[in-house]
Amino acid sequence: MVLISTASAVHVSTGAKPSKPKHPLDPLSPEEISSVTLAVRRHTSEHTQIKAVKFMGCALLPPPKRAVLAELGIPAAPGQKPEVPTEIIRKADVDFVDVVDGGRYNATVAVRDDEWKVDTIERLPEGVEPQITVEELIQWVEAHEIHADGWAIGWDDRFPKGQRLQQALLFARFSRHDNLYAHPLDFIPVVDSVAEKVVQIDFPAAWRKEADGSLKLSVPTTEARPLGDDSLETSNRERIPPPRTSFDFLPDLMAETDPTYKARDDVKPLYVVQPEGVSFTMDGNVLEWQKWKMHVAFSHREGIIISTVTYNDNGQIRPIFYRLSIAEMVVPYGAPDYPHTRKFAFDSGEYGMGTMANELSLGCDCLGKIHYLPGASVTHSGAALVTKNVICIHEEDAGVLWKHTDFRPGGRSQTVRSRRLVVSMVCTLANYEYIWNYYFYQDGNIELEIRLTGILQVYVAGDNEPTPHGTTVAPGINAHYHQHIFSVRVDPMLDGLQNSVIESDITGLDAPTGSKENFAGNGFIVKDRVLKDPVEDGARDFNWATERRWRIANLNKTHYSSGKPVSYQIVMKGGAVPLMAKPDSWIARRGSFAHKQLWVVKDQEGPKGSRLFPSGRYVPHTREEPEESVGSWVKGGSGSIDNEDILLYLTLGTTHIPRPEDWPVMPVEHVNILFKPSSFFTKNPSMDVPGTKDPHSRPAFDVDSRNDHANGTNGTSACCSN
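Our subject in this report is the structure included herewith. Throughout this document, residue positions are counted from 1 along each chain, in the order its sequence is written. The predicted nature of this model means local features are confined to residues of pLDDT at least 70 and side-chain atom pairs, given and counted, to a pLDDT of 80 or more, with totals for whole chains, interfaces and linings taken over all residues. Water and hydrogen atoms were dropped before computing side-chain values, which therefore reflect all heavy atoms in the structure.

## Brief notes about the overall build of the protein
The helix count covers DSSP runs of H or I at least four residues long, the strand count covers runs of E at least two residues long, and both are numbered beginning at the N terminus. Summing up its helical and strand segments, the protein has eight helices and 34 strands in all. Atoms considered for the radius of gyration are the C-alpha atoms alone. The globule rule reads 2.2 Å times the number of residues to the power 0.38. Taken against the 2.2 N^0.38 rule, which gives 27 Å for 722 residues, the C-alpha radius of gyration of the protein at 28 Å falls within 12% of a compact globule. Judged by the C-alpha coordinates and their principal axes, the protein covers about 85 × 75 × 60 Å. For the protein, with 722 residues in total, the buried portion stands at 54%. Contacts spanning at least 24 positions in sequence make up 67% of the contacts within the protein whose residues lie at least 6 apart. Here the positive residues are Lys and Arg and the negative ones are Asp and Glu; neither His nor the chain ends is included. All charge positions are set by atom: Lys at NZ, Arg at CZ, Asp at CG, Glu at CD. Averaged over its 76 positive side-chain charges, the protein has a centre that lies 5 Å from the centre of its 94 negative ones. Residue exposure (1.4 Å probe, protein chains only): buried if accessible area is under 20% of the type maximum, exposed if over 50%, otherwise partly exposed. Contacts are assigned to residue pairs with any non-hydrogen atoms lying within 4.5 Å of each other.

See below:
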């Protein structure tokens, strides 16, 4: 098979018997993937009419939470001992296609008597499509001058539900490694991935400026034109040739094609040095750093999964999160004219962030002393595709952790620098790059940072054509407005599995200025409310006017001084973003999670594990809200979400109005969410972090030319602690 540039190798099976993993949440190894798919092939051949299969997905089926916590010795409630361990059966979840009749299937495979065996096989309903595979994407890559980015069809009811379709966004490439996105083409084929043939070619309409200054589309409606029509003729426009100007990003090509290019020569080296090594340890996928302990796993769909996160609080092991991941993301574009309306990629659910992850390089993607973890996913043949160095683990200096100077005469000071642990991954989704950064801090904070970079998704614009729903970032190149909306799945276990969510609004006092209750007019208070009703309280909006915030809390345990329940505050003000599409739009119906900033549901573990994916397990080609999605879970909720085993889905993102400065490659944009302890610790848990003076730090200049004195001194203090 042809490997995409982000993959390393195809694993060759050794035929070894299954062995018990070090941790019950360890992802399937390459050997296990090969053994699981062999079991499926053997079973279908011997017990079904299926004669040939093509694998679309193969991953660990997570065991029950309580069984995992018991295995690890983590108590499920405050003040209790860990539960008695029970047998955990290793299971895999497999999606495959019948090559002969095109049927889609899901199977559960388990280790029985030291051998992988099929437990169940279920044929999926018509129109339910497994994740689009890397091999499906790259089958349209090989060409001479025309190249395609394969995108899921999104929504197009001109085609039957059971047809596995992709739209091919086309670009010209005039030389090897030329930036093909600088040369967009003016038509979009629709391809049947199973039949491997083009079934439709769509020509988008064009915008025109009228004499009165208004803008008008070259067709009377933004609706799709019938399949039987000549798409070019009905678009009512001329063909638009691709722009020929090069906008390269590789230095050697920029030197050839851009006469103004010259690499900066005033950037001095900056090194990250750890002469005594790192402060973290690894045992397989189990990571320990200072007082933190967690399990780090590769997921072909979510990219990184952080599980069983605990903190050693002065000898007491306190559970905080059972599982953290970015469970879904969608990129809705804002152009209303067909076929651009099909551009709303669910990059996790349709393609898989893990399968599109990069093999990372020392000294490039991560600096300092690095530990890497590999990842493995399944190929159509059932072999494991291995990407080495897919998860990067390292430490970073994070500025000042805390500082105080007693300004009085003879006063002393203390400065403590912050260090953070980083667990990261880089994923390439055609034109865009996404960087997942999980940060763990010494003060108990946990931060998830999403960085966006790469190349804008663009379409060709005619000479002087107005672009009301995009920015002409270069002549003939229209970058449409769009959003990046992420769903962060949080499975909390703050001092146990029974947790609640407290909603806080900060409001000014009702009493007016001059009153005896609020004479100066400055008073404000915090109004707390525990979310209880799964329907009424299960979906919440962010409120900028009241600085609304939420806390994940264990109401069964309170702080000795504040009297408040132990909790972790969710800080997402900077990342909260409203969905710009209409509430009944195609994208809103498929991606209900994007409606609200917070979703809270009670977890339910079944044969397929916990509730996981906010837009459903099977995302390609969905045309309505799936039954197994966060919107449906909230609508059908019963009982309570207070003091229960709950899940949170946090919606954050950014609205991207492209700039010429985003071209040809976009500088990194940041989206952040912070989990911050609140009445969880007795006091600042980082008071025991030593203040260190870096012996390698030096004055930048020997003499200050302005006033002729040595530069870089600390006044009367020559140390971070005095």
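## Description of the sheet that holds strand β4 (residues 104–112)
Pairing in this open sheet of four strands is antiparallel, and the strands run β2-β3-β4-β5 from one edge to the other. Either end of the sheet is taken by a strand with one partner, and the two such strands are β2 (53–60) and β5 (115–123). Adjacent strand axes in the sheet meet at a mean angle of 25°, parallel and antiparallel pairs treated alike. Between any two strands, pairing holds if DSSP finds at least two bridges. Looking at chain direction, β4 and β5 are connected through eight bridges and run antiparallel. Bridged to Ala107 within β5 is Ile121. The sheet contacts of helix α1 (residues 30–47) involve β2, β3 (91–98), β4 and β5, and relative to β5 the element is tilted by about 60°. Fitted lines through C-alpha atoms give the axes, limited to the stretch in contact for helices. The angle between two N-to-C directions lies from 0 to 180 degrees.

## Comments concerning unusual backbone geometry
Here the bond from Tyr338 into Pro339 is cis, since omega is 0°, no more than 30 degrees from zero. Following the sequence through the fold, Pro339 ends up in the loop between β16 (316–332) and β17 (344–345). A cis geometry characterises the amide bond from Trp663 onward to Pro664, with omega recorded as 5°. Inspection of the secondary structure assignment puts Pro664 in the loop between β33 (646–656) and β34 (666–678). Positive phi is not limited to glycine here, since Asn236 has a value of about 60°. According to the relative accessible area criterion, Asn236 is partly exposed, its value standing at 42%.

## Description of the pattern of salt bridges
Whenever a carboxyl oxygen of Asp or Glu lies within 4 Å of a side-chain nitrogen of Lys or Arg, that contact is scored as a salt bridge. Within this structure, the stated rule accounts for 49 salt bridges. Between Arg158 and Asp202 there is a salt bridge; the shortest N-O distance is 3.0 Å. In this pair, Arg158 is assigned in the loop between β6 (146–152) and β7 (165–172) and Asp202 in strand β9 (residues 197–202), connecting sequence segments 44 residues apart. Of the residues examined, Arg158 reaches a relative accessible area of 18% and is grouped as buried. Overall, Asp202 belongs to the buried group, its relative accessible area being 5%. With a closest N to O distance of 3.5 Å, Glu644 and Lys602 form a salt bridge. Of this pair, Glu644 sits in the loop between α8 (630–635) and β33 while Lys602 sits in strand β32 (residues 598–602), and the two are 42 residues apart along the sequence. Several salt bridges converge on common partners, so that one network encompasses Glu503, Asp505, Arg529, Asp537, Arg540 and Arg548.

## Considerations on the state of the cysteines
What counts as a disulfide here is a pair of cysteine sulfur atoms lying within 2.5 Å. Taken as a whole and assessed by the stated rule, the structure comprises one disulfide. With no disulfide partner, Cys58 has as its closest neighbouring cysteine sulfur the one in Cys427, 20 Å distant. Of all cysteine sulfurs in the structure, the one in Cys366 sits closest to Cys364, which takes part in no disulfide; the separation is 8.9 Å. You can call Cys364 exposed: its relative accessible area is 56%.

## Here's the deal with the sheet that holds strand β8 (residues 188–192)
As summarised here, the arrangement of the four strands in space is β6-β7-β8-β9, forming an open sheet in which the pairing is antiparallel. In this open sheet, the two edge strands, each paired with only one partner strand, are β6 and β9. Across the sheet, the mean angle from the axis of one strand to that of its neighbour is 35°, orientation sign disregarded. Two elements, β7 and β8, share three bridges in a ladder whose sense is antiparallel. Within the sheet, the bridge partner assigned to Gln166 lies in β8 and is Val191.

## Focus: the packing of aromatic side chains
When the centres of two rings from Phe, Tyr and Trp lie within 6.5 Å, Trp using its six-membered ring, the rings pair. Their planes under 30 degrees apart give stacked, over 60 give edge-to-face, and anything left gives tilted. Taken as a whole, this structure holds 22 aromatic pairs when the rule is applied. Relative to Trp436, the ring of Tyr434 has its centre 6.2 Å away and its plane inclined at 45°; by these criteria the two rings are tilted. Comparing Tyr434 with Trp436, the two get one shared label, buried. Taking the centre distance of 5.0 Å and the plane angle of 80° together, the rings of Phe680 and Phe681 count as edge-to-face. Per residue, the accessibility class of Phe680 equals that of Phe681, and both read buried. Three or more aromatic residues joined by ring pairs form one cluster here, namely Trp292, Tyr311, Phe321, Phe440, Tyr568, Phe675, Phe680 and Phe681. Directly above the ring of Phe613 sits Arg301, whose terminal nitrogen or CZ lies 3.6 Å from the centroid. Working rule: Lys NZ or Arg CZ, within 6 Å of ring centre, within 35 degrees of ring normal, means a charge sits over the ring. In this structure, Arg318 is placed above the aromatic ring of Phe680, and the distance from its NZ or CZ to the ring centre is 3.7 Å.

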